[in-house]
Amino acid sequence: MLFTIASPIRPACRLNPLVVAALVTAGCAMTGAVQAQGVETRLDLVRVEAAGLIDHPDAKALLDARLAASAEGGSGDWTYRLGAQLDAQGQTGDRDFDKVSLDYTENYLRWAGSDTMQVTVGTQKVLWGRVDEVSPIDRLSRADLTRGMLDRLPQRRRAVPAIRGEYFGDGMKLDAVLVPVFDEAVLPEAESIWNPIDTVRGRMLGVGSMPALVGARVEGPADEKVGGGGLRYTAEGDGFDYGFSVQRSRQSMPYYRMSATPSGVVLRETHPWSTVVGAELEAQQWGATWRMEAAWSSDVPLTTAQTFQYRTDPGYDLVVGSEFFPGDAETRVTLQMAMHKTATDHDVVDRTTQYALTGEVEHPFAEGQWQINFRFAQGLKDKDSYLNPQLTYKGIDQHEFYLGAHLFSGDEDTMGGFYRDNDMVTVGWRARF
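If you're wondering where the values come from, they're calculated on a predicted model, not measured in any experiment.

### Considerations on the sheet that holds strand E20 (residues 264-270)
Piece 1. Overall, mixed pairing links the three strands, which are arranged E16-E20-E19 in an open sheet. Here the strands that pair on one side only, and so sit at the sheet edges, are strand E16 (217-219) and strand E19 (255-261). On average, each strand axis in the sheet is inclined to that of its neighbour by 25°, with strand direction left out of account.
Piece 2. Sheet analysis places E16 next to E20, joined by three bridges and oriented parallel. Bridge assignment links Val 218 to a residue of E20, and that residue is Leu 267.

This is the structure we're talking about:
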């Protein structure tokens, strides 16, 4: 898949991220949720993380801070939620930058006038799907790529402006979503080590090295106003749950349309439309929870290898996963097999066939005060590896302190290969009040 660089259309100011980190830490003074005139306010997340890069040629250290706050209230059949998120990021080395940005989270008005139906209008998270990490039917959400793959899937998704109607029947649910205003993915700064485009060395995530990309010019997208919508039906079966969905939407992650000009290659950002038909299944069997998602996409964007012509072809995705608790039942293991195929008979620069195994092992000890996590993603067709061991202390209520590492390797056209210089050690603190 091709991505692009773009500055998110959000208020931003340049401040020292160390100062912002101190301000975020001071947010702990807002202890717990408080009740004032029927309005409940809280800090949904406070996080400060520092990382040292092991062997990156252009960057030495990273700092990330996030503060998310919200307020909820209502009367009778009506409820509302207001929320905002402040992000501060910094990077030291030859490619240094610091940035502070403000973004909306969930801001909506909800009517729930009966036991069977509710309608929500405003910005909200729409995260369809059952599997972890790679969900082929998650097409209406807005991606957050500012930290690459460091966070789990729910933390890599942000709210979208939407009108949503949900009907709850006897063992079933019908979910209809319209995204009337399109908002693209939140992308890294041009200098960030997570930026999926490197016009200095001529590299692109999902493509690898291309000499033509050296010095390429990046142009913004055309005016893209509507995000699309979808319909999802889920139900409880005899020993299993299942669902079907159909969506017609733009993908929030941009795609580059390449064109050759006398002055060099031009990369124009675009967010192509696609119709996606999906199916999902979840069942309890053999002491484990099994999950499956399958999807057909009408228009997967591609670029031909010789002429850089833009085209689209159908794509197919299948993800099968399992969650189980071996041994003492405290250790949790999740495994997923993800497969993607783009049905094209053209020679393209994109990866058209992908197979990967992803998963996580989680083990608490010392009466739950400590926890070991190990996340991974391993390519099966190509050399592509991501490893994330982490040790977390959870002995203080509402606080977590962690030490971890993120390690990448692989062929240059894979994620692990593209980020192979980004090996790092991290230390951080996160809390909710």
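### Structural notes on the packing of aromatic side chains
Piece 1. One pass over the full model with this rule turns up 12 aromatic pairs.
Piece 2. The interplanar angle of 65° and the centroid separation of 6.1 Å between the aromatic rings of Tyr 242 and Phe 244 together place this pair among those described as edge-to-face.
Piece 3. Given a relative accessible area of 48%, Phe 244 falls into the partly exposed group.
Piece 4. The structure contains a cluster of three or more aromatic residues connected by ring pairs, namely Trp 194, Tyr 386, Phe 408, Phe 418 and Tyr 419.
Piece 5. Cation over ring: Arg 203 sits above Phe 418, and NZ or CZ is 4.3 Å from the ring centre.

### Overview of the nonpolar core
Piece 1. Among the nonpolar cores identified, the biggest contains 15 residues, and Leu 62, Ile 193, Trp 194, Phe 408, Tyr 419 and Met 424 are the most heavily contacted of them.
Piece 2. When residues of this core are traced back to their parent elements, those giving at least two are strand E3 (39-53) and helix H2 (415-418).
Piece 3. Each residue touching Trp 194, except ones within four places of it in the same chain, is listed here: Leu 62, Leu 145, Thr 146, Arg 147, Gly 148, Leu 150, Pro 188, Phe 408, Tyr 419, Asn 422 and Met 424.
Piece 4. Ile 197, Met 204, Leu 213 and Leu 267 belong to the second largest nonpolar core, which has 12 residues in total.

### A closer look at the environment of Arg 311
Piece 1. Its place among the elements puts Arg 311 in strand E23 (residues 310-324).
Piece 2. Residue classification places Arg 311 among the partly exposed positions, given a relative accessible area of 24%.
Piece 3. Linking Arg 311 and Val 300, residues 11 residues apart in sequence, is a C-alpha distance of 8.3 Å.
Piece 4. A polar contact of 3.4 Å, which involves the side chain of Arg 311, links it to the side chain of His 346.

### Quick word on the pairing of strand E21 (residues 273-285)
Piece 1. As paired elements, strand E18 (residues 240-250) and E21 share 11 bridges and run antiparallel to each other. Bridge pairing in E21 links Ser 245 to Gly 278.
Piece 2. When E21 meets strand E22 (residues 288-303), the two strands line up antiparallel, connected through 10 bridges. Bridging across to E22, Glu 280 finds its partner in Glu 293.

### Some points on the pattern of salt bridges
Piece 1. Applying the stated criterion to the full structure yields 43 salt bridges.
Piece 2. For Asp 103, the salt bridge is made with Arg 142, and the minimal N-O distance between the two is 3.3 Å. Highlighted residues: Asp 103 in strand E6 (residues 97-104) and Arg 142 in strand E9 (residues 142-143), separated in sequence by 39 residues. The burial state of Asp 103 is the same as that of Arg 142; both residues are buried.
Piece 3. One connected set of salt bridges, linked through shared partners, spans Arg 130, Arg 152, Arg 232, Glu 280, Glu 282, Arg 291, Glu 323, Arg 332, Glu 360 and Glu 362.

Conventions adopted
Residues numbered from 1 in each chain as written. Predicted model: local features only at pLDDT ≥ 70, side-chain atom pairs only at ≥ 80, totals over all residues. Heavy atoms only, no water. Pairing = 2+ DSSP bridges. Helix = DSSP H or I, 4+ residues; strand = E, 2+ residues; numbered from the N terminus. Axes fitted to C-alpha atoms, helices over the stretch in contact; angles between N-to-C directions. Phe/Tyr/Trp six-rings, centres within 6.5 Å; stacked < 30°, edge-to-face > 60°. Buried < 20%, exposed > 50% of the residue type's maximum accessible area, 1.4 Å probe, protein only. Lys NZ or Arg CZ within 6 Å of the ring centre and 35° of its normal. Core = buried A, V, L, I, M, F, W, Y, C linked by side-chain atoms within 4.5 Å. Contact = heavy atoms within 4.5 Å. Polar contact = N/O pair within 3.5 Å; in protein donor to acceptor, adjacent residues only side chain to side chain. Salt bridge = Lys/Arg side-chain N within 4 Å of Asp/Glu carboxyl O.

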